[in-house]
Structure formats: C-alpha cells, structure tokens
Amino acid sequence: MKTIYDYTLEELQKEIKPSFRAKQIYNWVYKKYATSYDEMGNLPKNLRENLKKDYPIDIAKIISIEKSVDGSIKYLFELADKTTVEAVLLLMKDKKTDENGNITRSEQFTFCISSQVGCKVGCSFCLTAKGGFTRDLIAGEIVAQVLYLKKENNIDENKSVNIVYMGMGEPLDNYDNLVKAI
C-alpha cells in the first residue's frame, strides 16, 4: 500500500495531471497538515475522490495520548491494518520572552518516531522487544507520524524539529523506508 506521504513532490507531479495539482496537494499535506482530502476545497471533487482511492491520506489515527509531568507527550497511533506504533514529542527548550513579550528564544522540539511495528532485535531493556516483531513501516507511515505530531501540537510548518528514530523498532532494519522518509 502506498500513501500520499510516500511520494516526493516530483514523483507526485508525474502521477497527477495537471501537475500543478500536486503542488496544491503538497501545500495541504505539508503546510496545513490536512488528514482528509475533504479539507482540500480548491481541488475538484472528482479529483478528491480519486485521491482517496489511489493515495490514502487517513492512514493513522491517534488512539491514545499520555502527557508526562516532564512535558513529554506519548502518542499511540493505530495504522490502517489495526497495528499500533508509538511516537513521542519532547519539549527540549521552552519559549522565552522578554518583558515586552518579544520572543527571545523559540521553543525546541524533538520527535521520537517509530520505524517498525514491534522489533526483532530483542534488547532485554526494551518493552517493545517483549511484543515481538510484526512488520516494517512504509515510508509514508513514518512521515505521517511527524505530520500528525506537528498538527496535534500546532507547530508551524516552518518550525524545524529534531527527529530521532528511537521509537518502536530498529531503524536500520528498515533502511530503505527510513531513507525514503528522511
């Protein structure tokens, strides 16, 4: 299964005609964090219907959110095949403002992203190892975690975040999909 998140802009422009529609879709997905084609009001209805069939976008849903006293937030995602993965948002530095309310330092985030459903390495210290290995995530499922965390936390499209692949799975065991997602 390929999703909209599996395509680069250039790849999508080859698939969708006229190609300017690919840019519109990319703006919706990567700038407005749309998770449904129904949100994309500037696309013709027939195109939106075709996109739903050919390029799934609603491939994950957040089924649980746990907030820690340290400010980290853990998300449990259910994927299209009903398997689950975790991702974590870590606030590394708080936003600071001066006495006039001007931002003197922007907040900094790190996203801890999963690359597999389960893990086959079996490290004794890791809870994921106890559940065994189910499958590798496709690139789109890795990318979707980042976009969903940005959307859920109202993080601006231009705000850079650190991404670590220390969620579920051993990232280098899923090398090709990891590289594509990066």
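My aim in this report is to walk through the structure given alongside it, one point at a time. Every chain begins its residue count from 1, and numbering advances along the sequence as written. Per-residue local features are limited, in this predicted model, to residues with pLDDT of at least 70; the limit for side-chain atom pairs, both in listing and counting, is 80 or more; totals at the level of whole chains, interfaces and linings are taken over all residues. As a rule here, side-chain values cover all heavy atoms of the structure and leave hydrogens and water aside.

## Here's the deal with the overall build of the protein
Logical step 1: Helix and strand definitions follow DSSP, with helices as H or I runs of at least four residues and strands as E runs of at least two, each counted in order from the N terminus. Scanning the protein for helices and strands turns up 6 helices and 9 strands.
Logical step 2: Using C-alpha atoms as the atom set, the radius of gyration is obtained and then compared with a globule rule of 2.2 Å times the number of residues to the power 0.38. Radius of gyration (C-alpha) of the protein: 18 Å, near the 16 Å computed for a compact globule of 182 residues.
Logical step 3: When the backbone C-alpha atoms are referred to their principal axes, the protein occupies close to 55 × 50 × 25 Å.
Logical step 4: Scored against the burial criterion, the 182 residues of the protein give a buried share of 41%.
Logical step 5: All tallies of charge rest on Lys and Arg as positive and Asp and Glu as negative; His and the ends of each chain are not included. To locate a charge, take atom NZ for lysine, CZ for arginine, CG for aspartate or CD for glutamate. Taking the 26 positively charged and 26 negatively charged side chains of the protein as two groups, their mean positions are separated by 4 Å. Burial status follows relative accessibility: with a 1.4 Å probe on protein chains alone, a residue under 20% of its type maximum counts as buried, one over 50% as exposed, and anything between as partly exposed.

## A look at the nonpolar core
Logical step 1: Buried residues of nine kinds, namely Ala, Val, Leu, Ile, Met, Phe, Trp, Tyr and Cys, make up a nonpolar core once their side-chain atoms join them within 4.5 Å. Ranked by internal contacts, the top residues of the largest apolar core, which has 47 residues, are I4, Y5, L12 and F111.
Logical step 2: Of all elements in the fold, only helix 2 (20-30), helix 3 (45-54), strand 2 (73-79), strand 3 (84-93), strand 6 (108-112), helix 5 (139-152) and helix 6 (175-181) reach the threshold of two or more residues within this core.
Logical step 3: No other element matches the 8 residues that helix 5 contributes to this core.
Logical step 4: Only heavy atoms enter the contact rule, under which two residues are in contact if any of them lie within 4.5 Å. When near neighbours in sequence (up to four residues on either side) are disregarded, L12 contacts I4, Y7, A22, I25, Y26 and Y55.

## Section: the pairing of strand 3
Logical step 1: Paired strands, as defined in this entry, are two strands with at least two bridges between them according to DSSP. The pairing of strand 2 with strand 3 spans 6 bridges and is classified as antiparallel. Bridging from a neighbouring strand, Y75 pairs with A87 of strand 3.
Logical step 2: Hairpin connection, strand 2 to strand 3: the antiparallel pair is bridged by 4 residues, and K82 has positive phi, about 75 degrees.

## Remarks on the state of the cysteines
Logical step 1: We call a pair of cysteine sulfur atoms a disulfide whenever their separation is within 2.5 Å. In total, this model carries 0 disulfides according to the counting rule given.
Logical step 2: C119 supplies the cysteine sulfur nearest to C123, a cysteine that is in no disulfide, at a spacing of 6.3 Å.
Logical step 3: The partly exposed category is assigned to C123, whose relative accessible area is 31%.
Logical step 4: No disulfide involves C126; its nearest neighbouring cysteine sulfur is the one of C119, lying 6.3 Å away.

## Some remarks on the pattern of salt bridges
Logical step 1: Here, a salt bridge means any side-chain nitrogen of Lys or Arg that lies within 4 Å of a carboxyl oxygen of Asp or Glu. Under the counting rule described, the total for this entry stands at 10 salt bridges.
Logical step 2: The partner of E78 in a salt bridge is K61, with the nearest N and O atoms 3.5 Å apart. Of this pair, E78 sits in strand 2 while K61 sits in strand 1 (residues 60-67), placing them 17 residues apart in sequence.
Logical step 3: Here D81 ties to R135 by a salt bridge, and the two come within 2.6 Å at their closest N and O atoms.

## Thoughts on the pairing of strand 1
Logical step 1: Pairing analysis gives 7 bridges linking strand 1 to strand 2, with the strands arranged antiparallel. Note that in strand 2 the partner of K61 across the bridge is E78.
Logical step 2: Once strand 1 ends, the chain turns through 5 residues before running back antiparallel as strand 2, passing G71 with a positive phi of about 95 degrees.

## Comments concerning a nonpolar patch on the surface
Logical step 1: A grouping of L172, Y175 and V179 is seen on the molecular surface, where their side chains present a nonpolar patch of about 320 Å² in accessible area.
Logical step 2: In this fold, L172 is placed in the loop between strand 9 (162-164) and helix 6.
Logical step 3: Overall, the relative accessible area of 59% leaves L172 in the exposed class. Each patch is assembled from residues with relative accessible area greater than 30% and no salt bridge, linking like charges that lie within 9 Å and nonpolar side chains (Val, Leu, Ile, Met, Phe, Trp, Tyr) that lie within 5 Å. Areas reported as accessible are Shrake-Rupley estimates using a 1.4 Å probe. Residue values count occlusion only from the protein chains shown.

## Notes on the sheet that holds strand 2
Logical step 1: The sheet built from 5 strands is open, its strands ordered 1-2-3-6-9 with mixed pairing. Here the strands that pair on one side only, and so sit at the sheet edges, are strand 1 and strand 9. On average, adjacent strands in this sheet sit at an angle of 25 degrees to one another, irrespective of strand direction.
Logical step 2: Where helices are involved, their axes are fitted lines through C-alpha atoms of the stretch in contact, as for all axes, and angles between N-to-C directions lie from 0 to 180°. Sheet contacts for helix 5: strand 1, strand 2, strand 3, strand 6 and strand 9; angle to strand 2, the most-contacted strand, approximately 130 degrees.

## Things to note about the environment of Y175
Logical step 1: Residue placement: Y175 occurs in helix 6.
Logical step 2: By relative accessible area, Y175 is classed as partly exposed at 48%.

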